[in-house]
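Here's the letter readout for the chains.
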Amino acid sequence: MVETQLRQRGIRDERILSAMSRVPRHEFVAEPYRSRAYDDNPLPIAEGQTISQPYIVAVMLELLDLAPNQTVLEIGTGSGYQTALLAELSQHVYSVERHGRLASEAEAVLQKLAYQNVTVIVGDGSKGLPEHAPFDAIVVAAAAPELPQALFEQLKEGGRLVLPVGPAESQALQVVTKQQGTPVIVEQTPCRFVPLIGEQGYPA
Ligand code: SAM
């Protein structure tokens, strides 16, 4: 997976490549999909959601550009796979998931793998996590209709927010940097994510 799907397609950050060779992706998928855990595509998880394609996870991690002493907010824990990678690359990860079942299953796997720098919270992540803000970086693993203002407010000055924006049929990854309190948005690659459902996302 790391050589053919990531390195050969241009992922260059050795910290990310090394983290992705360490984190056992098969632990985050249910038994019927385990033999396909390292395939080049998303896979189904509970509640009609998906664990993202490894390549798109790597792209988002590169765009986040995390340092080991940083605190990151993740919206959309899903299986917890990306959460584990964020935990490898930063000091602490707060991860918010709207489905209680996904949050508790992800938490159980993260505990089994002995990650101690992760806090999983059930709730509407489109509103962020004001009680733990500001964050050095924020990553959203579900597509928003537009930049959620609450998330931007909870970003530190100079911080980076990576999120997919757009409707089901035409989304693009955006990198939003906070510069003197205003958002500087750079649009990156097209992508396809499940919708961000919540107050500052799409209606349920
Ligand atoms: N990165 C995850 C992984 O590695 O498994 C996959 C995330 S999945 C593509 C998107 C997740 O976002 C789903 O689990 C969905 O329930 C969650 N989600 C959607 N809207 C949300 C919201 N407002 N707050 C928190 N989680 C949300």
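For the structure itself, look to the data block above.
Residues numbered from 1 in each chain as written. Predicted model: local features only at pLDDT ≥ 70, side-chain atom pairs only at ≥ 80, totals over all residues. Heavy atoms only, no water.

Got a minute to help me understand the packing of aromatic side chains in this structure?
Two descriptors summarise a pair of aromatic rings, namely the distance from one centre to the other and the angle between the planes of the rings. Taken as a whole and assessed by the stated rule, the structure comprises two aromatic pairs. Their ring planes at 65° and their centres at 5.9 Å tell us that Phe-28 and Tyr-81 sit as a pair that is edge-to-face. You can see Phe-28 sitting in the loop between helix 2 (14-22) and strand 1 (43-44) and its partner Tyr-81 sitting in helix 4 (residues 81-89), a full 53 residues away along the chain. Judged by relative accessible area, which is 6%, Phe-28 ranks as buried. You can call Tyr-81 buried: its relative accessible area is 1%. Consider the rings of Tyr-94 and Phe-135, whose centres lie 6.1 Å apart with planes at 65°: the pair is edge-to-face. In this pair, Tyr-94 is assigned in strand 4 (residues 92-97) and Phe-135 in strand 6 (residues 135-140), connecting sequence segments 41 residues apart. (Phe/Tyr/Trp six-rings, centres within 6.5 Å; stacked < 30°, edge-to-face > 60°. Helix = DSSP H or I, 4+ residues; strand = E, 2+ residues; numbered from the N terminus. Buried < 20%, exposed > 50% of the residue type's maximum accessible area, 1.4 Å probe, protein only.)

When you look at unusual backbone geometry in this model, what are you seeing that I'm missing?
Across the chain, the bulk of peptide bonds are trans and the bulk of non-glycine residues have phi less than zero. Omega for the peptide link from Ala-133 to Pro-134 comes to 5°, which places this bond in the cis form. Phi at Glu-47 is positive, roughly 60°, even though this residue is not glycine. When you line up the elements, Glu-47 lands in the loop between strand 1 and strand 2 (50-51).

Explain the sheet that holds strand 7 (residues 155-165) to me, please; I cannot follow it from the model alone.
Note: strands within a sheet are paired through backbone hydrogen bonds, in either parallel or antiparallel orientation. Taken in spatial order, the seven strands of this open sheet run 5-4-3-6-7-8-9, and their pairing is mixed. Strands with a single pairing partner mark the edges of an open sheet, and in this sheet they are strand 5 (118-122) and strand 9 (182-191). Between one strand axis and the next, the sheet turns through 15° on average, direction left out of account. As defined by bridge partners, strand 3 (residues 71-75) adjoins strand 4 across five bridges and the pair is classed as parallel. Across the sheet, the residue bridging to Glu-74 is Ser-95, located in strand 4. Relative to the sheet, helix 5 (residues 100-112) contacts strand 4 and strand 5, its axis offset from that of strand 5 by approximately 165°. (Pairing = 2+ DSSP bridges. Axes fitted to C-alpha atoms, helices over the stretch in contact; angles between N-to-C directions. Contact = heavy atoms within 4.5 Å.)

Which parts of the structure should I look at to understand the environment of Leu-102?
As for its position among the elements, Leu-102 is in helix 5. Given a relative accessible area of 3%, Leu-102 falls into the buried group. When near neighbours in sequence (up to four residues on either side) are disregarded, Leu-102 contacts Ile-45, Ala-46, Glu-47, Gln-49, Gly-78 and Glu-97.

What's the story with the environment of Glu-187 in this structure? I'm lost.
With respect to the helices and strands, Glu-187 occurs in strand 9. Considering only alpha carbons, one finds Glu-187 and Leu-89, 98 residues apart in sequence, at a separation of 24 Å.

Looking at this structure, I do not really get helix 5. What am I missing?
Between its terminal C-alpha atoms helix 5 stretches 18 Å, which fits the 18 Å expected from 13 residues at 1.5 Å a residue. Among the residues of helix 5, those classed as buried are Leu-102, Ala-103, Ala-106, Val-109 and Leu-110. Down the axis of helix 5, the buried side of the element spans an arc of 135°, and every buried residue falls inside it. In helix 5, the exposed positions angled more than 90 degrees off the buried face are occupied by Gln-111 and Lys-112. If you follow the buried residues of helix 5, they end up packed against helix 4, strand 4 and strand 5. (Expected span 1.5 Å × (residues − 1). Arc of directions from axis to C-beta.)

Looking at this structure, how should I read empty space enclosed by the protein?
In this approach the atoms are scanned with a rolling probe the size of a water molecule, which exposes any empty space left behind. The final tally for this structure, using the stated rule, is one cavity of 30 Å³ or more. Looking at the largest cavity, its volume works out to about 50 Å³. Together, Asp-13, Arg-15, Ile-16, Leu-61, Asp-65, Leu-66 and Leu-89 line the largest cavity. (1 Å grid on protein atoms, 1.4 Å probe; cavity = no way out; pocket = protein on both sides within 12 Å on 5 of 7 lines; lining within 4 Å. Points joined across faces, edges and corners; volume = space filled by probe spheres on them.)

It is not clear to me how the layout of surface pockets should be interpreted in this structure. Could you clarify?
Roughly 600 Å³ of internal volume is contained in the largest pocket. Around the largest pocket, the lining is made up of 34 residues, and of these Thr-50, Ala-141, Ala-142, Phe-193 and Val-194 lie nearest the centre. Looking at the lining of the largest pocket, the elements that each hand over two or more residues are strand 2, helix 3 (54-64), helix 4 and strand 4. The residue makeup of the lining of the largest pocket, split by class, is 16 nonpolar, 14 polar and four charged. Forming the walls of the second largest pocket are 14 residues, and the residues nearest its centre are Phe-28, Val-29, Ala-30, Ile-45 and Glu-105. Tallied by class, residues from the lining of the second largest pocket come to eight nonpolar, two polar and four charged. (Nonpolar A, V, L, I, M, F, W, Y, C, P; charged D, E, K, R; others polar.)

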